[in-house]
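Survey of secondary and tertiary structure
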Amino acid sequence: MARKPQRIVEAALIEGIGPVTAQDLVAMPEDTWGLLRDRITDRRQGNDGLLAKCLACDSHVYIKTARRRGVSLPLFAHYSGSDPRCPWHHGRNATPDDVRAAQYGGRQESDFHRLMCEQVAALVALDPRYVRHTMAEYLPPTETAHGRFPDVYVEWEGFGTFAVEFQMSGTFQTEISARCKHYEREGVPLLWILFGIDTKVQVQQSFLDVIRRHRGNAFVLDPPAVSASKKQHTLVLSCYLRNGDGFDPPQLVRFDELIIPRSKLPYHEDRIVAPLLADIEQRRRPWFNSLAKWDHEGPLPGLDRPQSLLMAAAFSIVAAANGKERNYASAHPNIRAMLNTYLHAGTFGGYTDLLTRLIANTTMAGLLNARVGEHLRRYRSDVQADERSQEWLMLRHLLPEALDPVVREELRYLDALPAWASPK
Ligand SMILES: [Zn+2]
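Counting restarts for each chain, with residues numbered from 1 along the sequence as it is written. Restriction of local features to residues with pLDDT of at least 70 applies here, the model being predicted, together with a cutoff of 80 or more for giving and counting side-chain atom pairs; totals for whole chains, interfaces and linings are based on all residues. Note that the side-chain values use all heavy atoms of the structure and ignore hydrogens as well as water.

1. Some words on the overall build of the protein
Test applied: To qualify as a helix, a DSSP run of H or I must reach at least 4 residues; to qualify as a strand, a run of E must reach at least 2; elements of each kind are numbered from the N terminus. The rule is simple: take the accessible area with a 1.4 Å probe, protein chains only, and divide by the maximum for that residue type; under 20% is buried, over 50% is exposed, in between is partly exposed. Residues count as neighbours in contact if any of their non-hydrogen atoms are within 4.5 Å of one another. Using a 1.4 Å probe, the Shrake-Rupley method yields the accessible areas, and only the shown protein chains count as cover for residues.
Per the secondary structure count, the protein includes 15 helices and 13 strands. Among the 424 residues that make up the protein, the fraction classed as buried is 51%. Here the contacts in the protein between residues at least 6 apart in sequence split such that 61% fall between residues at least 24 apart. A total accessible area of about 20,300 Å² is found for the protein, and carbon and sulfur atoms account for 51% of it.

2. Observations regarding unusual backbone geometry
Residue Arg 215 is not a glycine yet carries a positive backbone phi of 55 degrees. Of note, His 233 is a non-glycine position whose phi angle comes to about 55 degrees, a positive value. Within the secondary structure, His 233 is located in the loop between α7 (223–232) and β11 (236–243). For His 233, a relative accessible area of 42% puts it in the partly exposed group.

3. A short note on the sheet that holds strand β3 (residues 52–54)
This is how it is decided: Should DSSP find at least two bridges between two strands, the strands are taken to pair. With axes taken as lines fitted to C-alpha atoms, and helix axes fitted only over the stretch in contact, angles between N-to-C directions fall between 0 and 180 degrees.
Spatial ordering of the open sheet is given by β2-β1-β3, a layout of three strands whose pairing is antiparallel. Whereas interior strands pair on both sides, the edge strands pair on one side only; in this sheet they are β2 (18–21) and β3. The sheet shows a mean angle of 30 degrees between the axes of neighbouring strands, direction not considered. Strand direction decides the pairing type here: strand β1 (residues 11–14) and β2, joined by four bridges, are antiparallel.

4. Observations concerning the nonpolar core
The following threshold applies: Buried residues of nine kinds, namely Ala, Val, Leu, Ile, Met, Phe, Trp, Tyr and Cys, make up a nonpolar core once their side-chain atoms join them within 4.5 Å.
By size, the foremost hydrophobic cluster in this structure holds 57 residues, and its most contacted members are Met 311, Phe 315, Leu 339, Phe 348 and Ile 359. When contributions to this core are tallied by element, the ones reaching two or more residues are α8 (273–293), α9 (305–321), α10 (335–344), α11 (352–360), α12 (371–378), α13 (390–398), α14 (400–403) and α15 (405–413). Sorting elements by how many residues they give to this core places α9 first, with 12 residues. Beyond its immediate chain neighbours, meaning those up to four positions away, Phe 315 contacts Arg 284, Trp 287, Phe 288, Leu 291, Tyr 328, Leu 398 and Leu 399. The next biggest cluster of nonpolar side chains, apart from the first, holds 25 residues, and it includes Met 116, Val 120, Phe 162 and Phe 219.

5. Section: the environment of Leu 13
With respect to the helices, strands and loops of the structure, Leu 13 is situated in strand β1. Overall, the relative accessible area of 39% leaves Leu 13 in the partly exposed class. With residues up to four places along the chain from it excluded, the contact list for Leu 13 reads Gly 18, Pro 19, Leu 51, Ala 52, Lys 53 and Leu 55.

6. Some remarks on the packing of aromatic side chains
Here is the rule: Ring geometry is summarised as follows: Phe, Tyr and Trp rings, the Trp one being its six-membered ring, pair when their centres sit within 6.5 Å, and such pairs are stacked at plane angles under 30 degrees, edge-to-face over 60 and tilted between the two.
For the coordinates displayed, the defined rule picks out 10 aromatic pairs. Consider the rings of Tyr 62 and Tyr 79, whose centres lie 4.8 Å apart with planes at 35 degrees: the pair is tilted. Taken together, the residues span a long stretch of sequence, with Tyr 62 in strand β4 (residues 61–68) and Tyr 79 in the loop between β5 (71–78) and α3 (96–103) at a distance of 17 residues. Its relative accessible area of 18% is what places Tyr 62 among the buried residues. Each ring, one from Tyr 342 and one from Phe 348, has its centre 5.3 Å from the other, and the planes form 50 degrees; the classification is tilted. Of the residues examined, Tyr 342 reaches a relative accessible area of 12% and is grouped as buried. Residue class for Phe 348 comes out buried when judged on its relative accessible area of 0%.

By themselves, these are just geometric observations and shouldn't be taken as functional.
Put into structure tokens, the structure is as follows:
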């Protein structure tokens, strides 16, 4: 059957980040666009999050996923009820209620669900700290007050309360968001247990959304976890850690030993922030090595002379912001003298916007209120390397904590923006 060609939303404006094109979105790593997707949904649900608008019609958009050759790809889509005259409009979206009605048409899933809740309740009661638990009725089609009735709600003496939710096939992004944000506000740890996940095949998007919120950890209550729980008299889960596109073999983890971050979504091992920071570090390493050996004469490999000095100055700013002041760009005793000299000489005239942005997004931001700031304004050329220039793209790739608004936002949200890139 031939399908009608669909128009897609070519670009959106994400508050605090700026314009993001459909191509930018597809080029992002999955954890990055996934986090934007989560945060846009959070905001739509009336919580703290990100607002995204269609660049053509200004209607609110979200990030939906489409499968292409077995891979989930992100694309912007209008929420239902948006302006049909938008040139990027592509018809009505299914509402959560429509799909939920189809999804829970059969009763079978709810029977499994009840049994799983009873299983968790029995296991948490084995813990010597157990005080009480409550178990919600399972009535998703009529449940309108999201998040008020967790599947299982537990109180352990000395540990406090925590909530357990089961993620069945295809739970909606909006429901996941509403529940996560509810418990975050309440300060109650929330554990999502996945039901029916098969890590040997491509994992469904709704599971990946929950796994990402748990920092790349997929928690399952399988027979080994149940028997370990009985043996250890506490809740033990099988934890699959994301590794690239797949998962490592499961490990048994005690619930009370998980790390609980500000989001209150616990994890065993962070598989999102740590690999991201390691990847960035690896991009930078060769440049730090070349700069350490550079004598400030001539150019660096692959760059012209002004670009080389810019690179050296940028890395010097980062080193200073990191509390390890080092001047890679000249023989001056400090980076202030180095910057002032090159600005005064006109060497950085075309890079003042770039340098200003870099400095502003680090702990060196104070320089902008001092002589360096004055020089940046006074010796600014009309022709500037802008965000699409080779220099800006190169430095954004190497110093994304300071220069890539999407990465900054992601790290800030995960409480992992390095101190050097957090101006006071
Ligand atoms: Zn539009």
